[in-house]
Amino acid sequence: KEGYTLSDVDYAQFQKGLAKGVLGDTKAKLGILQALLANHEGSSYTDDAKFEMAKSYSILENPDSAVHWYKDIASQHPNSSYVKKSLLNMGLEHYNRSQNEEALATFKEVIATYPATAEAKEALVGVKNIYVDLGDIDTYSNYVAGLSFANITEASLDSTTYEAAELVYMRGDR
């Protein structure tokens, strides 16, 4: 290790973990990234490693661990460029498990904190999907009316209402 800085060593370990992921060895990727966190406290790649770990747990269909790491990034690295994407992904994890209240709160946090960003626009799609699933288009309509970046037309609201009604019909919830 002589002649190498912490930054060189942790960068190499981070890249090795990413390479394992590219090769499809997600478990090895997780092991390498966990070792990076354990062995290189204060690394400038800590948030990167945590984000990659969260994504890996999602791939391995372990949403609880994925959400844990996304939350960790948001709370422990508030200035990280990964925060808004972590919150969005956390909302998606909740939505995919039909945890609509948690998903809605997380999506709305992304929208309120990072308005007009790509993540906010993706979160708005999640909000719409939840309200369609719930058949509550009025609440969705009122919510988007207060968003300056949401370009929602009357025609798109009509389409959303139709989508919600069709979903109710398909479920047999008449």
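Residues numbered from 1 in each chain as written. Predicted model: local features only at pLDDT ≥ 70, side-chain atom pairs only at ≥ 80, totals over all residues. Heavy atoms only, no water.

**Quick notes on helix 8 (residues 137–145)**
Our working definition: Remark: exposure states derive from per-residue accessible area (1.4 Å probe, protein chains only) relative to the maximum for the residue type, with buried under 20%, exposed over 50%, and partly exposed in between. Runs of H or I in DSSP of at least four residues are treated as helices and runs of E of at least two as strands, each being numbered from the N terminus. Summarising the geometry, the arc corresponds to the directions from the helix axis toward the C-beta atoms.
Those residues of helix 8 that fall on the buried side of the exposure criterion are Ile137, Tyr140, Tyr143 and Val144. All buried residues of helix 8 fall inside an arc of 120 degrees around its axis, so they share one side. Set apart from the buried face of helix 8 by more than 90 degrees, the exposed residues are Asp138, Asn142 and Ala145.

**What to know about the nonpolar core**
Put simply, the rule reads: Working definition of a nonpolar core: buried Ala, Val, Leu, Ile, Met, Phe, Trp, Tyr and Cys residues. They are joined through side-chain atoms within 4.5 Å. The contact rule is simple, with two residues in contact once any of their heavy atoms fall within 4.5 Å.
Ranked by size, the top nonpolar core spans 36 residues in total, and within it Phe107, Ile111, Leu124, Val127, Tyr143, Val144 and Leu147 carry the most contacts. Elements represented by at least two residues in this core include exactly helix 2 (26–39), helix 3 (46–59), helix 4 (63–76), helix 5 (83–96), helix 6 (100–113), helix 7 (118–134) and helix 8. It is helix 7 that contributes the most residues to this core, six residues altogether. Residues within four places of Tyr143 in sequence aside, it is in contact with Lys108, Ile111, Leu124 and Val127.

**Section: the pattern of salt bridges**
Applicable threshold: What counts as a salt bridge is simple: a side-chain nitrogen of Lys or Arg found within 4 Å of a carboxyl oxygen of Asp or Glu.
Here the structure, examined in full by the defined rule, presents five salt bridges. A salt bridge links Lys50 to Asp72; its shortest N-O distance comes to 2.6 Å. Separated by 22 residues along the polypeptide, Lys50 in helix 3 and Asp72 in helix 4 bring together distant segments of the chain. For the residue pair Lys50 and Asp72, the accessibility class agrees, reading buried in each case. One network of salt bridges, with partners in common, ties together Lys29, Glu52 and Lys55.

**A few points about unusual backbone geometry**
A positive phi angle, close to 60 degrees, is found at Glu61, a residue other than glycine. For Glu61, the location among the structural elements is in the loop between helix 3 and helix 4. Take Glu61: its relative accessible area is 71%, and that puts it in the exposed class. Notably, Ala116 is not glycine yet its phi reads approximately 70 degrees, a positive angle. Structurally, the position occupied by Ala116 is in the loop between helix 6 and helix 7. Looking at Ala116, the relative accessible area reads 45%, which means it is partly exposed.

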